[in-house]
Protein chains: 2
Amino acid sequence: MDSPPLTRSVEDYLKSVFHLTNQGGFATTSDIAEMLAVAPPSVSGMMKRLSETGLIEHVPYRGVQLTPQGRRAALQMIRRHRILESYLTRKLGYDWGDVHGEAERLEHAVSEKLIERMAEALGEPRYDPHGAPIPTAGGEIEETELVTLAETEVGRAVILQEVGDEHPARLHYLAEQGLVPGVRLTITDRQPFNGPTIVRLMDGVTRVVGQELALLLFCRPSDSDGE
Amino acid sequence: MDSPPLTRSVEDYLKSVFHLTNQGGFATTSDIAEMLAVAPPSVSGMMKRLSETGLIEHVPYRGVQLTPQGRRAALQMIRRHRILESYLTRKLGYDWGDVHGEAERLEHAVSEKLIERMAEALGEPRYDPHGAPIPTAGGEIEETELVTLAETEVGRAVILQEVGDEHPARLHYLAEQGLVPGVRLTITDRQPFNGPTIVRLMDGVTRVVGQELALLLFCRPSDSDGE
DNA sequence: TTTGATAATTAGGCTAGTCTAATACCCTGT
DNA sequence: ACAGGGTATTAGACTAGCCTAATTATCAAA
């Protein structure tokens, strides 16, 4: 009844499938391959093994989805990752741009116990430093409809909820610009042809955000209700 | 000039060789095999690879020793391990019996940066929770002549410096008995035929310590000079 | 000095995970 | 209805690490 522990690779594959199927649908072989920086045949092989162990559902030539068991394992990994990121930033002085890589390695090595100790030390955080929701120990994750800054119409007021990126340099830049989770913005303008979005922060400062970055800034409407 | 990163296995082998050669001499194949819970041929194979990469010196049918490079790598792992153990006990409420296993997994996943952050948060500790010296970031380790409680002659006063064990149950028991690093003891008696050593703690309490445990308690003389 | 016990090594095989090259499948556009 | 292009899978090979069984080396004792 109790399964063998998952390998690092398997844990990574499950996480990828989770992220790729989060909006519904199937994860394709090539998307997984790209996300894990691995050749497509490696993915085919792994998908075969994972479906044999009941972690994913594989429809050949179509793609894969997580089984409930696979989803549980994936959410556990995501919880680990996000708790680690939170702990590193809040307790060990890490910059939010540097935590991803560290958490990526640690998530495969930490025990459940350690994660829960860290979560407790942080007061059971609900969001990681990038604003992403942290699954509960029981495997529940908050699902919110968010819209990227690039899609938000001019004139709207929004709260920046989550930054969907993990590259140190971009994150560092965004922090310099004050574009961190929790800030309130008003979209004052947008240039045509996929041009930049111009926003005003609460302190009156104006920022020009190019499309590449605007697509990473997930927002929710701020109908003048606080956080 | 810069070598490929070491694998988990390699890191473990190097640590074993370090511990087995610490008192001088060679580490034998079967000792390494036993320490790592692996079959002797696996060790032979690994020793071959490690001597090709210059981490150990292998004298066939004699044993192995670390090269300076191998020693550096081993000490780095030991620093990681002991900083982790210290951090877990002091910052996350771990019992000193439970830290070994956790550190054993984490030491292969942490970055240098994280270790130094933890060390800093702890105030650059010099000893881990079991009293073992922590190598410096530069690769220096304190070497002290210690004597086990089982060898200490009756009548002597000693300070318990280091507990050379990593089994949760034994460590838990020792803590209950007040036999933790730093306590001062007087050896009041010893039963013959490898019998127990009887000690008196500073608070007047008497403890009877069987030989198996007494061999794990490393002491230094306490000639009435405090720590 | 030979022998026999013990320890080390070599031989050969297994799994997980990766790769490249070759093949099979699916779907869209004509 | 089917031909191509693109994606997925299979075939086959490689590495790190591990194993067991067979062989070889060492050393101490007769």
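I will try to describe carefully the structure that is included in this document. Model, not experiment: these values are computed from the prediction. (Residues numbered from 1 in each chain as written. Chains lettered and ligands numbered in written order. Predicted model: local features only at pLDDT ≥ 70, side-chain atom pairs only at ≥ 80, totals over all residues.)

## Considerations on helix H3 (residues 40–52) of chain A
Residues and elements named next belong to chain A.
Working step 1: An ideal rise of 1.5 Å per residue puts 18 Å on 13 residues; H3 measures up with 19 Å between its terminal C-alpha atoms.
Working step 2: Every buried residue belonging to H3 is among Val43, Met46, Met47 and Leu50, and all of these are buried. Within H3, the buried residues cover an arc of 110 degrees as seen down the axis, which keeps them to one side. In H3, the exposed residues that point more than 90 degrees away from the buried face are Pro41, Gly45, Lys48 and Glu52.
Working step 3: Looking at the residues trailing H3, positive phi occurs at Gly54, about 80 degrees. (Helix = DSSP H or I, 4+ residues; strand = E, 2+ residues; numbered from the N terminus. Expected span 1.5 Å × (residues − 1). Buried ≥ 20, exposed ≤ 12 C-beta atoms within 10 Å, placed from the backbone. Arc of directions from axis to C-beta.)

## Focus on the sheet that holds strand E7 (residues 206–209) of chain A
Residues and elements named next belong to chain A.
Working step 1: One open sheet holds the 6 strands; their spatial order is E3-E8-E4-E5-E6-E7, and the pairing between them is antiparallel. The open sheet has two edge strands with one neighbour each: strand E3 (147–148) and E7.
Working step 2: The sheet contact formed by strand E4 (residues 157–163) and strand E5 (residues 184–190) spans 3 bridges and is antiparallel. Its bridge partner lying in E5, Ile159 is registered against Arg184. (Pairing = 2+ DSSP bridges.)

## Some thoughts on the protein's contact with DNA strand D
Working step 1: Close contacts around DNA strand D come from 20 residues, with Thr28, Ser30 and Pro41 of chain A together with Thr7 and Ala39 of chain B the closest.
Working step 2: At the level of secondary structure, the elements contributing two or more residues to the surface near DNA strand D comprise helix H2 (29–36) and H3 of chain A together with helix H1 (8–21) and helix H3 (40–52) of chain B.
Working step 3: For the surface near DNA strand D, the element with the most residues is H3 of chain A, which contributes 5 residues.
Working step 4: Class assignment for the residues of the surface near DNA strand D results in 11 nonpolar, 8 polar and 1 charged. (Near = placed C-beta within 6 Å. Nonpolar A, V, L, I, M, F, W, Y, C, P; charged D, E, K, R; others polar.)

## Description of the relation of the copies chain A and chain B
Working step 1: Between chain A and chain B, which share one sequence, the superposing operator has a rotation angle of 180 degrees and an axial displacement of 0.0 Å; the RMSD is 0.1 Å. In symmetry terms, the pair is related by a two-fold rotation axis.
Working step 2: Interface overlap between copies is the fraction of interface residues in one copy that are interface residues in the other; for chain A against chain B it reaches 100%, indicating a shared surface. (Least-squares fit on C-alpha atoms with pLDDT ≥ 70 in both. Contact = placed C-beta atoms within 7 Å.)

## Side note on the interface of chain A and chain B
Working step 1: Counting from both sides, the interface comprises 13 residues of chain A and, opposite them, 13 residues of chain B.
Working step 2: Sorting the residues of the side of chain A that touches chain B by element identifies helix H5 (99–106) and helix H6 (112–121) of chain A as the ones contributing at least two each.
Working step 3: Broken down by element, the side of chain A that touches chain B gets its largest block of residues, 4 residues, from H6 of chain A.
Working step 4: When the residues that make up the side of chain A that touches chain B are grouped by side-chain class, the tally is 7 nonpolar, 3 polar and 3 charged.

## Structural notes on the nonpolar core
Working step 1: Counting residues in each nonpolar core, the largest one holds 65 residues, and the members touching the most others are Ile83 and Leu217 of chain A together with Ile83, Leu160 and Leu217 of chain B.
Working step 2: Once residues within four sequence positions are removed from consideration, Ile83 of chain A is found in contact with Ile115, Met118, Ala119 and Ile134 of chain A. (Core = buried A, V, L, I, M, F, W, Y, C linked by C-beta atoms within 7 Å.)

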